[in-house]
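# Examination of the molecular architecture
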Number of protein chains: 2
Amino acid sequence: MSIIVLGTVALDTVKTPCGKRKNILGGSAAHFAMAARLFTDVNLSAIIGSDFPKAYIDFLRRKGVILTSLIKAKGNTFKWEGRYQGDLNTAFTLKTELGVLSAFRPVISKEQRNIKYIFLANVDPDIQRHLLEKMHSPGLVGLDSMNYWINHKRNSLLRLLKRVDIYVANDQEARSLSGESNLIQAAKYLYRQGPKMILIKKGENGVLFFSDKFTPHLTKGAGFIFSLPAYPVEKVIDPTGAGDTFAGGFMGYLAKAKNTSEATLKKALVYGTVAASFNVEAFGLERTSQLTLKDLERRISEFRKCTLF
Amino acid sequence: MSIIVLGTVALDTVKTPCGKRKNILGGSAAHFAMAARLFTDVNLSAIIGSDFPKAYIDFLRRKGVILTSLIKAKGNTFKWEGRYQGDLNTAFTLKTELGVLSAFRPVISKEQRNIKYIFLANVDPDIQRHLLEKMHSPGLVGLDSMNYWINHKRNSLLRLLKRVDIYVANDQEARSLSGESNLIQAAKYLYRQGPKMILIKKGENGVLFFSDKFTPHLTKGAGFIFSLPAYPVEKVIDPTGAGDTFAGGFMGYLAKAKNTSEATLKKALVYGTVAASFNVEAFGLERTSQLTLKDLERRISEFRKCTLF
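Quantities reported herein were computed from a predicted structural model and do not represent experimental measurements. (Residues numbered from 1 in each chain as written. Chains lettered and ligands numbered in written order. Predicted model: local features only at pLDDT ≥ 70, side-chain atom pairs only at ≥ 80, totals over all residues. Heavy atoms only, no water.)

Attention shifts here to the packing of helix α3 (residues 125-134) of chain A against helix α5 (residues 154-161) of chain A. Describing two packed helices takes the angle between their axes plus the distance from one axis to the other. Residues and elements named next belong to chain A. Running from N to C, α3 and α5 cross one another at 30°; their axes reach a closest spacing of 9 Å. In terms of orientation, α3 and α5 fall into the roughly parallel class. Helix-helix and strand crossings are classified by hand; for α3 and α5 the assignment is left-handed. In this structure, α3 contributes P125, D126, Q128, R129 and L132 to the contact, and α5 contributes S156, L157 and L160. Class assignment for the residues of the contact of α3 with α5 results in four nonpolar, two polar and two charged. (Axes fitted to C-alpha atoms, helices over the stretch in contact; angles between N-to-C directions. Helix = DSSP H or I, 4+ residues; strand = E, 2+ residues; numbered from the N terminus. Parallel < 35°, antiparallel > 145°, perpendicular 65-115°, else oblique. Left-handed = near helix turned anticlockwise from the far one by under 90°. Contact = heavy atoms within 4.5 Å. Nonpolar A, V, L, I, M, F, W, Y, C, P; charged D, E, K, R; others polar.)

As structure tokens, then:
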């Protein structure tokens, strides 16, 4: 099954203890696509400016990403500048230039309206809703957001949550949107807002996943739990986009499997985990753009050895 | 096989969002013993003051802890006062009164010198060395410490590391002692200091374990990895002593199994994980003192469901 991902395509400037890159290809939709393409056709809905390098468009196309709905507008491409220090777990944003992103309204083809697997990566929730309303028969809808929208467009975001199947958040965002400091209680709160699955990303500490599909062994009532550590990476170069890469691997696997059984969901989380582990091993899309399904599978078998008891 | 644990027996005053307890029984050795006693005989080497309630001594004895080497001295028992907020991951120490602990020199019996399983819970590294030197034929020696000793007695601690098999640290301590922010690199540094196994506790984010016993699938050279998430606990009441409880479950299982094969080590880590999850569900030793091996095993089977893929 094809996927459509809505999000940003950006020019990132990143500084980490391992080096610096200027205006490299980034953005939530680009990172998502680079992992999801390993499983299925990925349609990218995003906007770029007139300054966007043609080489990057060629690169995305070469990687098999479908660019029919990549809108080119007059003005500058969305730019993000940030740096990481110490344990590289937190990005410090130095600059954000929205550029053409501030006037973005997704436009997709008639054909694309029939796509069943939809991922609304981090952009303004009103833009996310805009795309979702265009879709004819959503099968599985995932949603990511960020603290900025939780603080500034909380109501839009909560309304949107009622219409999605999977809410993807990092631990900070889950705590902030729910007002709960315990992640299980946070997930239960978020579950009550609508999504049947809550995926909490904890960076180097792995993921917690809650779904009403699982046997109720841990918690009474809504939401049951799956917990995975991260794949241990010794040399983290640049964590930018790791969460989107995770989501891409996760949704990509689900779109390929065409079901959301407990076993499939767990497998999808494992694919997301190892995809993200490759992402952090190089700047931007350097490593994930070289990835094959075989690489993922090889690392999954290593991951098994270091987590199964 | 019997275990001897050296550490503190304390009177804790704890405030968490769930309530407050004053002068409850605590300390690293007490928490360790309460978990380890489920697997084997636990000898406790610690010091208490003349103010120490007889009821607590009776309680420890009733739980089967061997108190031959619990020294009673003139003066006050070691007291710790702390509080937790928000996600309850960090303890804020409000007060520490060393009392008799400042003059503690472990005294053990002739028989106890022959014990093979030794755990040096958090006290001054010079006191830890003092006990270790009394032991006739150490079989498996575990060591825990804390930031205070890393900062103030770094050399004593590093000398001691050469003589232990397992170094147990939380992520902060591992980073601080090694100077490495990446935990795998931190573990490799610590491994080079002597211990053949490094156990890094990450609180609600589980544990990372490094051992030269494991097949070298992840890292070249020293130290191979096992990673476990924590057992997801919805209602954390008081995390005090969770790390010591973990160590007690871990070492207790190893002492019972009498080997350190890869499978045994992994199992021991799982027992430590679930033991710690019970500890945080009540104040002090309230929950762990009621624990049975069956409780642990039941929770392990739940843990399996929410971590295995």
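The structure having been displayed, the exposition proceeds.
Looking now at the sheet that holds strand β9 (residues 140-144) of chain B. Residues and elements named next belong to chain B. Taken in spatial order, the nine strands line up as β5-β4-β1-β8-β9-β10-β11-β12-β13 in an open sheet, and their pairing is mixed. A single partner strand is all that each edge strand has here, and the edge strands are β5 (70-72) and β13 (224-228). Strand-to-strand, the axes of this sheet are offset by a mean angle of 15°, without reference to chain direction. Of the pairings in the sheet, the one linking strand β1 (residues 3-6) to strand β8 (residues 117-120) comprises four bridges and is parallel in character. (Pairing = 2+ DSSP bridges.)

Moving on, we get to empty space enclosed by the protein. Sizing a probe to match a water molecule and rolling it over the atoms shows the empty space that remains. As enumerated under the stated definition, the model contains one cavity of 30 Å³ or more in all. Within this model, the largest cavity holds a volume of roughly 30 Å³. Lining the largest cavity we find A:S227, A:P229, A:T307, A:F309, B:S227, B:L228, B:P229, B:T307 and B:L308. For the lining of the largest cavity, the residue count by class is five nonpolar, four polar and no charged. (1 Å grid on protein atoms, 1.4 Å probe; cavity = no way out; pocket = protein on both sides within 12 Å on 5 of 7 lines; lining within 4 Å. Points joined across faces, edges and corners; volume = space filled by probe spheres on them.)

Counting 112 residues, the largest nonpolar core has A:Y167, B:L44, B:I166, B:L199, B:F250 and B:L296 as the members making the most contacts within it. With nine residues, helix α9 (residues 262-279) of chain B is the largest single contributor of residues to this core. Formed by 111 residues, the second largest nonpolar core is a distinct cluster that contains A:V233, A:L269, A:V280 and B:V141. (Core = buried A, V, L, I, M, F, W, Y, C linked by side-chain atoms within 4.5 Å. Buried < 20%, exposed > 50% of the residue type's maximum accessible area, 1.4 Å probe, protein only.)

Below, the discussion takes up the interface of chain A and chain B. Contact with chain A, which involves 36 residues of that partner, is made by 36 residues of chain B. For the chain A and chain B pair, buried surface summed over both sides reaches about 3,400 Å², with 55% attributable to carbon and sulfur atoms. Here chain A is connected to chain B by four salt bridges. With a closest N to O distance of 3.0 Å, B:E234 and A:K188 form a salt bridge. In this assembly, chain A and chain B are joined by 18 residue pairs in polar contact (both at pLDDT 80 or more). Looking at the side of chain A that touches chain B, the elements that each hand over two or more residues are α7 (183-192), β13 (224-228), α9 (262-279) and α10 (293-305) of chain A. A class-by-class count of the residues in the side of chain A that touches chain B yields 16 nonpolar, nine polar and 11 charged. (Buried area = accessible area lost by both parts, 1.4 Å probe. Salt bridge = Lys/Arg side-chain N within 4 Å of Asp/Glu carboxyl O. Polar contact = N/O pair within 3.5 Å; in protein donor to acceptor, adjacent residues only side chain to side chain.)

Expressed as a screw operation, the relation of chain A to chain B combines 0.0 Å of axial shift with a rotation of 180°, fitting to an RMSD of 0.0 Å. Taken together, the turn and the small shift mark the pair as related by a two-fold rotation axis. (Least-squares fit on C-alpha atoms with pLDDT ≥ 70 in both.)

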